[in-house]
Amino acid sequence: KVCAACHGFDGNSFLPANPSLSGQHEEYLYKQLAEFKSGARNNAVMAGMVANLSADDMRNVAAYYASQVPKQMSATDKDLVAQGRKLYRGGNATNGVAACAGCHSPNGAGIPAQFPRLASQHAEYVATQLKAFRAGYRANDPNRMMRATAVKLTDQEIAALAEYISGLH
C-alpha cells in the first residue's frame, strides 16, 4: 500500500515524476531498493521508504512489481520522437553517444539483471534520470556506463530520448 501511493497498485505510476515499476526486471528492482537502503542511490524519500525493509521484503516487492503488466504509454511529440528514435537506435557518432538499444534492447525491454526495462516509462522520469546521470548526482551505474553516456547528451537530446522511450512497447 505504501509503494502504491507513488507507483500505483499494479506498478503503473500515474505520476510522471515517479517511475512505473510494472514489468521491470526483478533483479533490477531489488538492486535499486538495496541501493536506496545503502545510500548507493541517493533519494531521501526512497531511503525512508526502504529503511525498515528486510532483504526478503525487498525481494518480495521486486517480485510483485516484476510480475505486473506494464501499461503502454504513448509519445505525443512527433518531432521529438523522430529525433529520439534516431538516437535510441543509432546513437550519435558526432559526440560519441552509443545507441541505447544496444543495452536496453530495440523495444526497450532491457536485458534482465543487467539493464532496466525502459519501454512505457514516463518521459518526465526518464529525462530526470538522464540529467541526474549527466550531473553525476545519480551514480549507481556499473562501470559509469550511464554517466559516461549521459554527460554527452544535450538537453534537446534528453528530451527527444525521453519522449521516444515513453512510447516504446
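These lines cover the structure that appears in this document, whether it is placed above or below. (Residues numbered from 1 in each chain as written. Predicted model: local features only at pLDDT ≥ 70, side-chain atom pairs only at ≥ 80, totals over all residues. Heavy atoms only, no water.)

## Re the overall build of the protein chain
- When its secondary structure is counted, the protein chain shows nine helices and zero strands.
- Counting helices and strands in the order they occur from the N terminus, the protein chain gives α-α-α-α-α-α-α-α-α.
- Against the globule reference of 15 Å for 169 residues, the protein chain gives a C-alpha radius of gyration of 15 Å, in line with a compact fold.
- Its C-alpha atoms give the protein chain principal-axis dimensions of roughly 45 × 30 × 25 Å.
- Per-residue burial for the protein chain yields a buried fraction of 42% across its 169 residues.
- Sequence separation of at least 24 residues holds for 64% of the intrachain contacts in the protein chain that already meet a minimum separation of 6.
- Within the structure as shown, the protein chain displays about 8,900 Å² of accessible surface, and the carbon and sulfur contribution to it stands at 58%. (Helix = DSSP H or I, 4+ residues; strand = E, 2+ residues; numbered from the N terminus. Rg over C-alpha atoms; globule rule 2.2 N^0.38 Å. Buried < 20%, exposed > 50% of the residue type's maximum accessible area, 1.4 Å probe, protein only. Contact = heavy atoms within 4.5 Å. Areas by Shrake-Rupley, 256 points an atom, 1.4 Å probe, with all protein chains shown as cover.)

## Some words on unusual backbone geometry
- The residue Ser105 is not glycine, and still its phi comes out positive at about 75 degrees.
- Structurally, Ser105 is set in the loop between helix H6 (101–104) and helix H7 (123–135).
- Ser105 gets classed as buried once you look at its relative accessible area, which sits at 13%.
- Its identity is not glycine, yet Ala113 carries a phi of approximately 70 degrees, on the positive side.
- For Ala113, the position within the fold is in the loop between H6 and H7.

## Digging into the state of the cysteines
- Tallied over the full model, the rule gives zero disulfides.
- Its sulfur unpaired, Cys6 is 8.8 Å from the next cysteine sulfur, which belongs to Cys3.
- Cys103 supplies the cysteine sulfur nearest to Cys100, a cysteine that is in no disulfide, at a spacing of 8.6 Å. (Disulfide = S-S within 2.5 Å.)

## So, the packing of H7 against helix H9 (residues 155–166)
- Between H7 and H9, the least distance of the axes is 8 Å, while the angle of their chain directions is 140 degrees. In terms of orientation, H7 lies oblique with respect to H9. Here H7 and H9 pass one another in a crossing that is right-handed. Residue-level contacts link Ala123, Val126, Ala127, Leu130, Lys131 and Arg134 of H7 to Asp155, Ile158, Leu161, Ala162, Glu163, Ile165 and Ser166 of H9. (Axes fitted to C-alpha atoms, helices over the stretch in contact; angles between N-to-C directions. Parallel < 35°, antiparallel > 145°, perpendicular 65-115°, else oblique. Left-handed = near helix turned anticlockwise from the far one by under 90°.)

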